[in-house]
Amino acid sequence: MCRNHVLAATALAAGLVAVFSAASPAEAVVQSMTPAVAAAPAPTPPALKKKASAQERVDAERLPPMARAAFWAREVNVDPTDVVANVRLASALRGLGQYGEAAESAQRALVIDPKNYDALMETARAYVGEGQGFYAIDPVKRAAALAPKDWRPLSLMGVAYSQVMRQDDAQAVWRQALALSPENPAVLSNMAMALATKGDAAGAEALLRRAVGRPDATLQERQNLTLVLGIEGKLTEAEKLLREDLPPDQAEANLAYLRRLAPSQAALAPTASADPHSYASLKGAGG
């Protein structure tokens, strides 16, 4: 595969991701569960060991990613059996790009509550974020069984299938997701990026135009359309979208990337070694 083909397939792999935010890696401390030692009656725990109030927990979800991860790590340290704290720590770590640690935190919640929908979804999201779709399939199937009318597990399942090259299965579950949530922009976007990695950029563009035309479309869908337009060589429209959606420095960087892709308009092939963060502006869509 020539260099331009590799760049294009790598970029397309970045678009085919589930609901997770790709951000710069950062440090977050996660305390492991430890057995309690019962000797003498335990002293009254200091104020530092007191769990946060309900309002403090609500407020924590509005904190910046690192502060949110630190907050939930403290809550887990105070009470390792707190399922909600473990799940929310997993979500925060995933937002920092710490997918392995996120999966571990979600799995701790599953040890306590094996049928917890949110923990199953966070486990699957973490594996998909890491590019390990095979390991996401079992937890996301279990989540789908718990919520048969929810489109999100099916959308995420499709991404996991796509990562392991089960494209027919991916398209089938995405169609099921669309039956539950017609014209859902996240599902359409995932379907589009799967088509694009197989070389059908025109089909991908058509689906993405449907997605961005929806009132609930997000930046994710618009940037996926930008990427496909760039690969097709439609740089004028791609540049217009970039400059509408991104600060000037990010727009320039992504436009330069698209200019490198544009000369290659032949059929694209997926690559197993694709870097999921090559196209910096893209963030996950899906479950």
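So, here is what we can say about the structure in this document. (Residues numbered from 1 in each chain as written. Predicted model: local features only at pLDDT ≥ 70, side-chain atom pairs only at ≥ 80, totals over all residues. Heavy atoms only, no water.)

**Quick notes on the environment of Ala-256**
Residue placement: Ala-256 occurs in helix 14 (residues 248-261). A residue is classified by how much of its surface remains accessible, and Ala-256, at 32% relative accessible area, is partly exposed. For the pair Ala-256 and Glu-239, spaced 17 residues apart in the sequence, the C-alpha separation amounts to 9.9 Å. (Helix = DSSP H or I, 4+ residues; strand = E, 2+ residues; numbered from the N terminus. Buried < 20%, exposed > 50% of the residue type's maximum accessible area, 1.4 Å probe, protein only.)

**As for the pattern of salt bridges**
All told, the structure shown has 23 salt bridges when counted by the stated rule. The salt bridge involving Asp-79 is made with Lys-51; its shortest N-O contact spans 3.3 Å. You can see Asp-79 sitting in the loop between helix 3 (65-78) and helix 4 (83-95) and its partner Lys-51 sitting in the loop between helix 1 (3-15) and helix 2 (54-60), a full 28 residues away along the chain. Note on Lys-51: relative accessible area 37%, which makes it partly exposed. Notably, a salt bridge pairs Glu-183 with Arg-210, separated by 2.4 Å at the nearest N-O pair. Here Arg-210 lies in helix 11 (residues 201-212) and Glu-183 lies in the loop between helix 9 (167-180) and helix 10 (185-197), a separation of 27 residues in the sequence. A relative accessible area of 29% places Glu-183 in the partly exposed class. Taken together, the shared-partner salt bridges connect Lys-51, Arg-57, Arg-74, Glu-75, Asp-79 and Asp-82 into one network. (Salt bridge = Lys/Arg side-chain N within 4 Å of Asp/Glu carboxyl O.)

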